[in-house]
Amino acid sequence: MKITEEILEIIEKYLKSELNDQELRDFTEKLKNNPELANEVEEFRLIYSILDRKSKKQALKQKLDSIHNEMDAENSIFSLKYYQKRRNSIYHYIKIAGVAAAAAVVATFTFLNLSGIVNKINHVEKYNELKKDIAKISKNQNSLWKEMFSNEAKNEVSYSGTCFAITTDGYLITSFHLVNNLDSVIVSQSIDSVVSYNAKVIAYDKNLDLALLKITDEKFNQFNTIPYSFSKTQVELGEEVFTLGYSKNDIVFGEGSLRSVTGFNSDTLAYEISIPVQPGNSGAPLIDSKGRLIGIINGRDESNSGSAYAVKSSYLETFIKQFNENNKEINLIIPRHNTLKELKKVQQIKKLQPIILRLNTY
Amino acid sequence: MLKISIKEATMPKQLFLTDNDIIEGIRKNNDEALNFLYKTHFAMISGFVMNNNGSYQEAKDIYQDTIIVFYNNIRKTGFTLECRIKTYLYSVARRLWLNELKYKSNGRIDITDNEDFLNLQDNGTNEAIESEIQINKMNKSMEALGEPCFSLLKMFYVEKCNMNEIADSMGYTNADNAKNQKYKCLQRLKKIFFKTSIND
């Protein structure tokens, strides 16, 4: 039967016991004579009762949510402490193992590999983070060896990667494994000429492999605009995506499509994409054809060279929300205004380039 | 030195050494007890859900529903827990997740257990689990409605806002328009909800 809005209003009042005596008598009479209506009323009774229980559950659920956030925060601190301990012990081990050059080289690679521990890779070696080890490229094996046994060995290892702005006043996002526990890094913007700024690590989440930086340099003014927005919808398989990163001294464009909505070993934190990325691409934004940020590049699969991985932007959003909750005075605003939507790819890249920076750690 | 902006870890001020301490605490409205309970068992349940095709978000939802079942039950007079809290939570979560998997997969469900579980049959628990399952189905039905119905119904029936507030925040010209729209939405919601029941 057709239930009009008028009848439904009476049903609602009836179920909430809000009818007056006369109305109640009339309606009960109707129900007796109309089994179809009675059936409808019973169905609505269930709907109302569930909605009511859902409503009563809200307060407790909010309480649990705040406990959960607190727990997440504690966990990221815990894992950092754990990580530092582990790193120190590995370093110590290498220092005392003064053996042949070959062995030293092996040890060097082990050290470099472990120095950017991400949860996910503890049991798999094929997953490669994409920080570019400058020492490995610019110095020959000899000097690498010397470095291993000199006292400053630790300070001379340097990495480069990519980061990008999320606010015009100089907050940047990058991969945690690039900055680790270093609290200052140098970022360089290259449009016509290269300008370098000092930046500081403000917050990070090791599990998400995300870090928030802030340009602290006095000579930094501000970014003109943040042209992209965050993707709000689920990204579809096969979606065309691209990235811009510093796999060499100049910015490099790479494009491909979304291969899977999960990352390495079906990790739900990440997307798998078919962009041939290079070391140095870590921390680069992954943008879809409409100019929306869908992820942050952080690794590739060594055995399957076409595949790269990116942490989903929804986790970046969570990360920022959590940061805002604990830093009410800063309150970062997530970019919502997308000026890339209608543009051709070349134009999109031109607009994005100023806010994508090269990152160096020493 | 490293700048840590995320809140420093806080240990509960009070220690809850036994299951009974936790239960007593929750019965006395002690938030520390709830906090302790929540953090103690999350890893076990989230591990189970994520090992069985669940995402982190799904694991979190299932865990919170499980805690709510436990919380409401032990606060009822006359309810006694006849096993360890851990086993109780795992058994409840297992049933809730099996039910979710029914929606997600067609037919065959393989589940890998990492704990012992009981077939909880007391009335309080059964009823509470069924209620959570119904609420989850309601959530899915509401999501399927899309906007503006989702927000409209949520604000009125769940958050208990009044019609004027709703009309205001959703841009209806007056409360009557919003009310009419609300009833239309409710009809659609009922249709979707019962349609999914038949498919079970």
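Conventions and cut-offs
- Residues numbered from 1 in each chain as written.
- Chains lettered and ligands numbered in written order.
- Predicted model: local features only at pLDDT ≥ 70, side-chain atom pairs only at ≥ 80, totals over all residues.
- Heavy atoms only, no water.
- Axes fitted to C-alpha atoms, helices over the stretch in contact; angles between N-to-C directions.
- Helix = DSSP H or I, 4+ residues; strand = E, 2+ residues; numbered from the N terminus.
- Parallel < 35°, antiparallel > 145°, perpendicular 65-115°, else oblique.
- Left-handed = near helix turned anticlockwise from the far one by under 90°.
- Contact = heavy atoms within 4.5 Å.
- Nonpolar A, V, L, I, M, F, W, Y, C, P; charged D, E, K, R; others polar.
- Buried area = accessible area lost by both parts, 1.4 Å probe.
- Salt bridge = Lys/Arg side-chain N within 4 Å of Asp/Glu carboxyl O.
- Polar contact = N/O pair within 3.5 Å; in protein donor to acceptor, adjacent residues only side chain to side chain.
- Buried < 20%, exposed > 50% of the residue type's maximum accessible area, 1.4 Å probe, protein only.
- Disulfide = S-S within 2.5 Å.
- Pairing = 2+ DSSP bridges.
- Phe/Tyr/Trp six-rings, centres within 6.5 Å; stacked < 30°, edge-to-face > 60°.
- Lys NZ or Arg CZ within 6 Å of the ring centre and 35° of its normal.

Caption draft 1: Representation of the packing of helix 2 (residues 31-51) of chain B against helix 4 (residues 85-104) of chain B within the structure. Residues and elements named next belong to chain B. Two elements in contact, helix 2 and helix 4, have axes whose closest approach is 10 Å; the angle formed by their N-to-C orientations is 40 degrees. With respect to helix 4, the element helix 2 is oriented oblique. Crossing handedness for the pair helix 2 and helix 4: right-handed. Of the residues in helix 4, those in contact with Leu37, His41, Met44, Ile45, Phe48 and Val49 of helix 2 are Ile85, Lys86, Leu89, Tyr90, Ala93, Arg94 and Trp97. For the contact of helix 2 with helix 4, the class distribution of residues is 10 nonpolar, 1 polar and 2 charged.

Caption draft 2: Structural view of the interface of chain A and chain B. Contact residues are listed per partner, giving 48 residues for chain A and 48 residues for chain B. Surface buried jointly by chain A and chain B totals about 4,800 Å² across both partners, of which 62% is contributed by carbon and sulfur atoms. Applying the counting criterion to the chain A and chain B interface returns 11 salt bridges. We note a salt bridge from A:Glu12 to B:Lys182, for which the minimum N-O separation is 3.4 Å. Counting across the chain A and chain B interface gives 19 residue pairs in polar contact (both at pLDDT 80 or more). Put simply, the parts of the chain that give the side of chain A that touches chain B at least two residues each are helix 1 (5-15), helix 3 (35-96), strand 6 (194-205) and helix 9 (313-326) of chain A. Per-element tally for the side of chain A that touches chain B: the top contributor is helix 3 of chain A, with 30 residues. In the side of chain A that touches chain B, the residues fall into 20 nonpolar, 11 polar and 17 charged.

Caption draft 3: Fine view of the pattern of salt bridges. A full pass over the atoms with the stated rule returns 23 salt bridges over all chains. With a shortest N-O distance of 4.0 Å, A:Lys61 and B:Asp61 are connected by a salt bridge. Taken together, the positions of A:Lys61 in helix 3 and B:Asp61 in helix 3 (residues 56-74) put the pair across two chains. Note on B:Asp61: relative accessible area 31%, which makes it partly exposed. Each of A:Glu12, A:Lys16 and B:Lys182 takes part in a single network of salt bridges with overlapping partners.

Caption draft 4: Region of the structure containing the state of the cysteines. Residues and elements named next belong to chain B. One pass over the full model with this rule turns up 1 disulfide over all chains. Here cysteine 149 is linked by a disulfide to cysteine 185, with a sulfur-sulfur distance of 2.1 Å. Taking the torsion about the sulfur-sulfur bond, which here is approximately -75 degrees, the covalent link between cysteine 149 and cysteine 185 counts as left-handed. Residue cysteine 149 is found in helix 6 (residues 149-158), and its partner cysteine 185 is found in helix 8 (residues 175-199); the two are separated by 36 residues along the sequence. Considered together, cysteine 149 and cysteine 185 belong to a single accessibility category, that of buried residues.

Caption draft 5: Molecular detail of the pairing of strand 15 (residues 356-361) of chain A. Residue and element names in this part refer to chain A. Burial analysis of strand 15 places 6 of its 6 residues in the buried class, the great majority of the element. Here strand 15 shows two buried faces, one formed by Ile356, Arg358 and Asn360 and the other by Leu357, Leu359 and Thr361. In this structure, strand 5 (residues 184-190) lies alongside strand 15, joined through 3 bridges in antiparallel fashion. Considered in strand 15, the bridge of valine 187 is made with leucine 359.

Caption draft 6: View of the packing of aromatic side chains. Summed over all chains, the structure comprises 17 aromatic pairs over all chains. Seen from their ring centres, A:Tyr14 and A:Phe27 are 5.0 Å apart, and the 55 degrees between their planes marks the pair as tilted. Pair noted here: A:Tyr14 is in helix 1 and A:Phe27 is in helix 2 (residues 21-33), with a separation of 13 residues, a long-range link. For A:Tyr14, a relative accessible area of 22% translates into the label partly exposed. Look at A:Phe27 and you get buried, because its relative accessible area is 4%. Pairing A:Phe164 with A:Tyr228 gives two aromatic rings, centres 6.1 Å apart and planes at 70 degrees, and the pair type is edge-to-face. Pair noted here: A:Phe164 is in strand 3 (residues 159-165) and A:Tyr228 is in the loop between strand 7 (210-215) and strand 8 (229-230), with a separation of 64 residues, a long-range link. One residue, B:Arg94, lies across the ring of B:Phe117, its end atom 3.7 Å from the ring centre.

These values are about where atoms sit, not about what they do.
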